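Chain by chain, the residues run as shown.
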Amino acid sequence: MEKNGKIFVAPPKDGSDFKELFKQLAAAGAGRPLGSDGFPQGTWTPELLAEAISQIDSNRIGVDLRTVQLWFQENEKGISPSNIRWLARIFGCDDPEATSEWQMELSAAQARLTAKRRDSKKAGSSTALRVPDMPPPPMTVDDQTQPAGDLPQGIDATRRRQGFSLARISEALFSHGSPLNLPASIFAGASALGFLSYIVGIHSATYSRADGVVKQVGFLWAPNWTFVFMVLLPLFFAFVIELLVFWKHDARFRLVAPGDRVESDDAWTRNVQAYSYTYWAVFLICVLFAGLFQWIGVCLIPLINGGGNYAIDWGKLAIVRPEVISVPMTIVFTGLAYLYMCLCFYLFFAGLILLHTIVHDLWRSEEASTMRPVEHRRQGGEIGLRVMRGIFRCTVLGVLVAICMKVQSSYLSSNGGDIVTWIAHDMSSALYERHDGGNSFSYRMPTHYSSLLVAISTCVVFLYGSIRLGAGRRFRVPLWRMSAVVGLLFASYLLIDAFEGFSILVGVGVLLATYGLFDPEFRRWRASELGSNQSVS
């Protein structure tokens, strides 16, 4: 039968499962265009079918060739609902009525395949219970070298061919094992550096600057080395892990491929692998430039030559107070600290890449869900809102990391004796109109630049998520509140040490951001305001 210039086969409705039905239709070439002589052009091949599905105008994602190959193979693999839609378009010859019929037929065939697979597993388990003492057959060398017959050979061969992958290893650090592993490791490393600073005697140390100002430059007084690595980064990693596990093992399976968890996991792995060059670029920047080159330029060369227009901190204290710590000991300690720092910040940026991957994956799944029921779209909206809540928390923590870095860098060039007194004096100078007279020294401050990279990168991920996922009406009010807090926090970062009283703006932003960690949508705050207004009226 011909329909729209293609071979049309009506749904047989004979109770066959998906594998049996697909084998018949592929052999008949259902949906293939007729030749110039009016005769069929032949059967479907995996390559031809994958190309035909990918050329459908409304299919922006396409289909992977390995997925189509699994349909042709003798295995227990079925088909996901999103691919049922495209396969029905092919078999229905782009006719709306025929496509609808084939969509129902393919869905029923997939359900029969799932039921048959479930029954076979139950039968296998009952057989195993009846024969508990039968030993397994001995494994030969051929058994070890050949893939198992039950496994999908395409996926199995692909996984064996995959060698070292920085993207997959980085993703595994977040998604595998206990959610406490990575945050606890970061906290443990910072604690170890704190203990070492006690041992070498630089946990709390002062020096007298040339203008007579006595400054506290101890390791434990530096928030960019203590508060960042002991509080902010462990919280950041905890939120990334929570969101990643939710998307990978729960939301994605329900939203993208509810019919097949293995296919969903394999598609997620391909999405992660697609960012491989990004992971390598970030790794090289963090390890080589932020780690090795910065340590050589900021610490090693000044310690050896005794120069450099950098502010004195715990890493260069040996230059002005050699009786507290020696130069060789400082070189070893700073080398360990910078190695720890660059690895932590690589993991920080890897977390941002994973957040971007989740947003992009969710956006693509929503783009492909136009023909799904309303319940599926509502579920996608709830998932998107939860994803944005997690990204907002991570964004707040990322900007707070940048604020700690810039505050410490600005303090070192200021006239404050210690960082707490300096901030308190800045607040009082704005409230009581006392003027400080400005900083006495002008130093090169590379931390200003690195903190700006951290702040911008974090906000870009939040902005990307807002653009991709913030189109729904229910998103607008919560998203505006989140965006306002992120904007205020970023503005307070930019204005650090720009005028007297900047710490008041920073304090307001930090308080709002801290509240946002517990209530990202600010619903309870809004509810309390409405309740007070109603009671007054």
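### Some words on the overall build of the chain
Here's step 1: Counting its secondary structure elements, the chain contains 20 helices and four strands.
Here's step 2: Looking at the chain residue by residue over its 537 residues, the buried ones come to 46%.
Here's step 3: A total accessible area of about 26,400 Å² is found for the chain, and carbon and sulfur atoms account for 62% of it.

### Comments concerning the side chain of Arg-209
Here's step 1: Mapped onto the secondary structure, Arg-209 falls in the loop between strand 3 (206-208) and strand 4 (214-216).
Here's step 2: In this structure the side chain of Arg-209 is engaged in a polar contact, spanning 3.0 Å, whose partner is the side chain of Asp-211.

### A word on the side chain of Ser-428
Here's step 1: When you line up the elements, Ser-428 lands in helix 16 (residues 419-431).
Here's step 2: Among the polar contacts listed, one links the side chain of Ser-428 to the backbone oxygen of His-425, at a separation of 2.9 Å.

### Some words on the pattern of salt bridges
Here's step 1: One pass over the full model with this rule turns up eleven salt bridges.
Here's step 2: Residue Lys-6 is joined to Asp-94 by a salt bridge in which the shortest nitrogen-to-oxygen separation is 3.2 Å. Pair noted here: Lys-6 is in strand 2 (residues 6-7) and Asp-94 is in the loop between helix 4 (81-91) and helix 5 (96-130), with a separation of 88 residues, a long-range link.
Here's step 3: Taking the relative accessible area as the measure of exposure, Asp-94 reaches 40% and is therefore partly exposed.
Here's step 4: Measuring nitrogen to oxygen at the nearest pair gives 3.7 Å for the salt bridge that ties Glu-20 to Lys-116. You can see Glu-20 sitting in helix 1 (residues 18-28) and its partner Lys-116 sitting in helix 5, a full 96 residues away along the chain.
Here's step 5: Taking relative accessible area as the criterion, Glu-20 reaches 36% and is therefore assigned partly exposed.
Here's step 6: When salt bridges with common partners are traced through the structure, they connect Lys-6, Arg-89 and Asp-94 into a single cluster.

### Remarks on the packing of helix 2 (residues 46-54) against helix 4
Here's step 1: Relative orientation of the contacting elements helix 2 and helix 4 amounts to 100°, with a least axis distance of 10 Å. As judged from the angle between their axes, helix 2 and helix 4 are roughly perpendicular. In contact with Leu-49, Ala-52 and Ile-53 of helix 2, helix 4 contributes Trp-86, Leu-87 and Ile-90.
Here's step 2: Along the lines of polarity and charge, the residues of the contact of helix 2 with helix 4 split into six nonpolar, no polar and no charged.

### Observations concerning helix 12 (residues 276-305)
Here's step 1: The end-to-end C-alpha distance of helix 12 is 40 Å, a good match for the 44 Å that 30 residues give at a rise of 1.5 Å each.
Here's step 2: Gln-294 marks where helix 12 bends most, by close to 40°.
Here's step 3: Just beyond helix 12, the residue with positive phi is Gly-306, at close to 75°.

### Observations regarding the packing of aromatic side chains
Here's step 1: Taken as a whole and judged by the stated rule, the model has 28 aromatic pairs.
Here's step 2: Summarising the aromatic geometry, the rings of Phe-22 and Phe-72 are spaced 4.9 Å apart at their centres and angled 85° between planes, so their arrangement reads as edge-to-face. Within this pair, whereas Phe-22 is found in helix 1, its partner Phe-72 is found in helix 3 (residues 65-72), the two being separated by 50 residues in sequence.
Here's step 3: Given the relative accessible area of 28%, Phe-72 is considered partly exposed.
Here's step 4: Between Trp-314 and Phe-333, the aromatic rings sit 5.5 Å apart at their centres with planes inclined by 85°, giving edge-to-face as the arrangement. Taken as a pair, Trp-314 in the loop between helix 12 and helix 13 (317-320) and Phe-333 in helix 14 (residues 327-367) lie far apart in primary sequence, 19 residues in all. One exposure class covers both Trp-314 and Phe-333, and it is buried.
Here's step 5: A cation sits over an aromatic face here: Lys-406 above Tyr-493, 4.8 Å from the ring centre.

### Observations regarding the confidence of the model for the chain
Here's step 1: In this model, the chain carries an average pLDDT of 82, and 82% of its residues clear a pLDDT of 70 or more.
Here's step 2: The weakest mean pLDDT in the chain belongs to helix 6 (residues 141-145) at 36; the strongest belongs to helix 9 (residues 181-200) at 96.
Here's step 3: Here residues 131-161 scores under 50 on pLDDT; set against residues more than four positions off or in separate chains, the count is 15 contacts.
Here's step 4: Note on residues 527-537: pLDDT under 50 across the span, and zero contacts to partners over four residues away in sequence or across chains.

Rules and cut-offs
Residues numbered from 1 in each chain as written. Predicted model: local features only at pLDDT ≥ 70, side-chain atom pairs only at ≥ 80, totals over all residues. Heavy atoms only, no water. Helix = DSSP H or I, 4+ residues; strand = E, 2+ residues; numbered from the N terminus. Buried < 20%, exposed > 50% of the residue type's maximum accessible area, 1.4 Å probe, protein only. Areas by Shrake-Rupley, 256 points an atom, 1.4 Å probe, with all protein chains shown as cover. Polar contact = N/O pair within 3.5 Å; in protein donor to acceptor, adjacent residues only side chain to side chain. Salt bridge = Lys/Arg side-chain N within 4 Å of Asp/Glu carboxyl O. Axes fitted to C-alpha atoms, helices over the stretch in contact; angles between N-to-C directions. Parallel < 35°, antiparallel > 145°, perpendicular 65-115°, else oblique. Contact = heavy atoms within 4.5 Å. Nonpolar A, V, L, I, M, F, W, Y, C, P; charged D, E, K, R; others polar. Expected span 1.5 Å × (residues − 1). Bend = angle between axes of the 7 residues up to and from the residue. Phe/Tyr/Trp six-rings, centres within 6.5 Å; stacked < 30°, edge-to-face > 60°. Lys NZ or Arg CZ within 6 Å of the ring centre and 35° of its normal. pLDDT = per-residue confidence, 0-100.

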